[in-house]
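# Secondary and tertiary structure notes
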Amino acid sequence: MQFKATAQVEPRILKFIKNPLGLLSAALLITATVLAVFAYCLAPDDSPNANNMHLSIAAKPPGYKVLMFVIPNIEAPKVSAWQAFLYGRPKGALEFPIADYALTDQGLELTLLQADADGAQTKFFTLDRFVSNGEKFKLDQVIQSKTFWLGTDKYGRDLLSRMLIGLRVSLSVGLIAVLISLVIGITLGAISGYFGGRIDQIIMWLINVTWSIPTLLLVIAITLALGKGFWQVFIAVGLTMWVEVARVVRGQVMSVKQRQFVTAARALGYSDGRIIWRHILPNALTPVIIISAANFASAILIESGLSFLGIGAQPPIPSWGSIIKDHYAYIVLGKPYLALVPGFAIMILVMAFMLLGNSLRDVLDVKQ
């Protein structure tokens with residue numbers, strides 16, 4: 001028996017490996033997951049939500065370089081390494097974009113990129129301000145060159161950092177929404193398909209009512225009922241995606257429960273719960289795996305649409321949909337990349353999930 005199981009698994013793995021689109025989509029999703037998990041470690045701006053603003057360098061093109069005058073921020077709160085990994089690290093330094101600087105015997109004279117609140121274009125700092133523990137500063141510690149690889153948004157924030165953290169938001173919404181839909185959909189679908197009768201009629205009525213409501217309208221209604229926010233989006237998207245899972249599971253359970261091993265389990269006196277969860281569902285979940293990939297893509301699109309409408313993740317939390325919302329007007333102002341970069345990112349991520357779903361369908365199809 002063990003040899004047969006291995007012989008059945010191996011051709012499916014080989015079939016997946018021979019599918020170039022499946023491998024490419026899997027590689028893209030693995031890369032995206034790694035980038036999302038280590039977003040704050042990889043982001044140039046590792047402040048919470050990458051919300052470090054420099055209005056004087058707003059909407060700069062990709063590859064923009066600028067000199068930064070850096071002052072240590074002794075008032076920055078200390079956080080643990082785990083908190084910094086999850087939520088970012090409060091900026092330990094204050095940064096000011098400058099156009100030029102001059103070092104004299106008395107101090108450091110800076111030419112700001114933009115006049116300060118008092119209208120002054122230059123600032124002067126005495127050297128004793130940068131003495132720490134009896135050691136004078138090194139020039140490269142306070143004057144640093146910074147490169148914005150994807151440019152800056154309209155608030156002067158690093159777009160690359162915002163995209164990386166927005167990737168974490170998108171994948172988190174997709175993952176939790178799919179988990180919610182699987183829990184609800186598999187439970188109701190299994191109960192409906194196994195017991196039938198009045199229970200099946202009630203659950204199917206609920207499925208048909210939910211199915212008849214447009215998805216985006218239902219998500220908006222749930223979001224408005226629960227309130228705007230990050231966690232509310234998870235619940236709202238998940239509560240609208242369970243219907244398709246329930247319908248598929250119901251049909252699979254109705255087919256599998258007619259097989260002889262289910263009749264044998266009943267004859268042995270096993271409980272209905274054990275028969276459903278240990279005997280029927282393991283033989284009925286193949287289509288659910290494929291649907292989950294498509295639902296993951298749908299969840300990302302729905303979350304982006306909600307954020308674009310302003311009822312998804314709220315500022316300053318970066319979301320690809322909110323980035324597009326903030327910059328879609330720049331398409332006609334000569335800086336279309338501000339909206340196109342997150343747009344292409346959404347397209348690539350959704351396409352990867354759809355291609356993975358198609359590849360899994362071919363691999364798991366028992367008829368082939």
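Being a predicted model, the structure only gives us computed values, none of them experimental. (Residues numbered from 1 in each chain as written. Predicted model: local features only at pLDDT ≥ 70, side-chain atom pairs only at ≥ 80, totals over all residues. Heavy atoms only, no water.)

### Regarding the overall build of the protein
Tallying secondary structure elements over the protein gives 15 helices and five strands in all. Its C-alpha atoms give the protein a radius of gyration of 27 Å, clearly above 21 Å, the size a compact globule of 368 residues would have. Its C-alpha atoms give the protein principal-axis dimensions of roughly 95 × 50 × 40 Å. Burial analysis of the protein (368 residues in total) assigns 42% to the buried set. (Helix = DSSP H or I, 4+ residues; strand = E, 2+ residues; numbered from the N terminus. Rg over C-alpha atoms; globule rule 2.2 N^0.38 Å. Buried < 20%, exposed > 50% of the residue type's maximum accessible area, 1.4 Å probe, protein only.)

### Looking at the sheet that holds strand β2 (residues 93-103)
Strand order in this open sheet of five strands is β4-β3-β2-β1-β5, and the pairing throughout is antiparallel. A strand with exactly one partner marks an edge of an open sheet, and here the two such strands are β4 (122-126) and β5 (143-148). The mean angle between the axes of side-by-side strands here comes to 55°, regardless of whether they run parallel or antiparallel. As judged from the five bridges shared by strand β3 (residues 107-112) and β4, these two strands associate in the antiparallel manner. Bridge pairing links Gly107 to Thr126 in β4. (Pairing = 2+ DSSP bridges. Axes fitted to C-alpha atoms, helices over the stretch in contact; angles between N-to-C directions.)

### A closer look at the environment of Cys41
With respect to the secondary-structure elements, Cys41 resides in helix α3 (residues 39-42). Separated by 47 residues in the primary sequence, Cys41 and Gly88 place their C-alpha atoms 8.4 Å from one another.

### Quick notes on the confidence of the model for the protein
With 91% of its residues at a pLDDT of at least 70, the protein reaches an overall mean of 85. Model confidence for the protein, summarised as mean pLDDT per element, is weakest for helix α1 (residues 2-17) at 59 and strongest for α3 at 94. In the predicted structure, residues 1-8 sits below a pLDDT of 50 and forms zero contacts with residues beyond four places in sequence or in another chain. (pLDDT = per-residue confidence, 0-100. Contact = heavy atoms within 4.5 Å.)

### Some details on a nonpolar patch on the surface
Where nonpolar side chains cluster on the molecular surface, the patch consists of Leu21, Leu24, Leu28, Leu340, Phe344, Met347, Ile348 and Met351 and spans about 730 Å² of accessible area. The set of elements that each furnish at least two residues to the nonpolar patch consists of α2 (20-37) and α15 (337-364). Residue contributions to the nonpolar patch peak at five residues, all from α15. Look at Met347 and you get partly exposed, because its relative accessible area is 41%. (Patch = residues over 30% accessible without salt bridge, like charges linked within 9 Å, V, L, I, M, F, W, Y side chains within 5 Å. Areas by Shrake-Rupley, 256 points an atom, 1.4 Å probe, with all protein chains shown as cover. Salt bridge = Lys/Arg side-chain N within 4 Å of Asp/Glu carboxyl O.)

### Examining helix α14 (residues 320-327)
Counting buried positions along α14 gives six out of eight residues, so the element sits mostly inside the fold. Among the residues making up α14, those that are buried are Trp320, Gly321, Ser322, Ile323, Ile324 and His327. Residues of α14 that are buried in the fold lie against α6 (159-195), α13 (286-309) and α15.

### What about the pattern of salt bridges?
It is possible for side chains bearing opposite charge to pair when their charged atoms get close. Following the criterion strictly, the structure yields four salt bridges and no others. The residue Asp153 makes a salt bridge to Arg157 at a minimum N-O spacing of 2.9 Å. The class for Asp153 is buried, based on a relative accessible area of 2%. A relative accessible area of 5% places Arg157 in the buried class. Ionic pairing is found between Asp200 and Arg250, a salt bridge with its closest N-O pair at 2.7 Å. Here Arg250 lies in helix α10 (residues 242-256) and Asp200 lies in helix α7 (residues 197-212), a separation of 50 residues in the sequence. Across this residue pair, the class does not change: Asp200 and Arg250 are buried.

### What to know about the packing of α6 against α15
Orientation of α6 relative to α15, taken along the N-to-C sense of each, is 35°, at an axis distance of 12 Å. Here the hand of the crossing between α6 and α15 comes out right-handed. Contacts between α6 and α15 involve Leu159, Met163, Leu167 and Leu171 from the first element and Leu338, Val341, Pro342, Ala345, Leu349 and Phe353 from the second. Taken together, the residues that form the contact of α6 with α15 break down as ten nonpolar, no polar and no charged. (Left-handed = near helix turned anticlockwise from the far one by under 90°. Nonpolar A, V, L, I, M, F, W, Y, C, P; charged D, E, K, R; others polar.)

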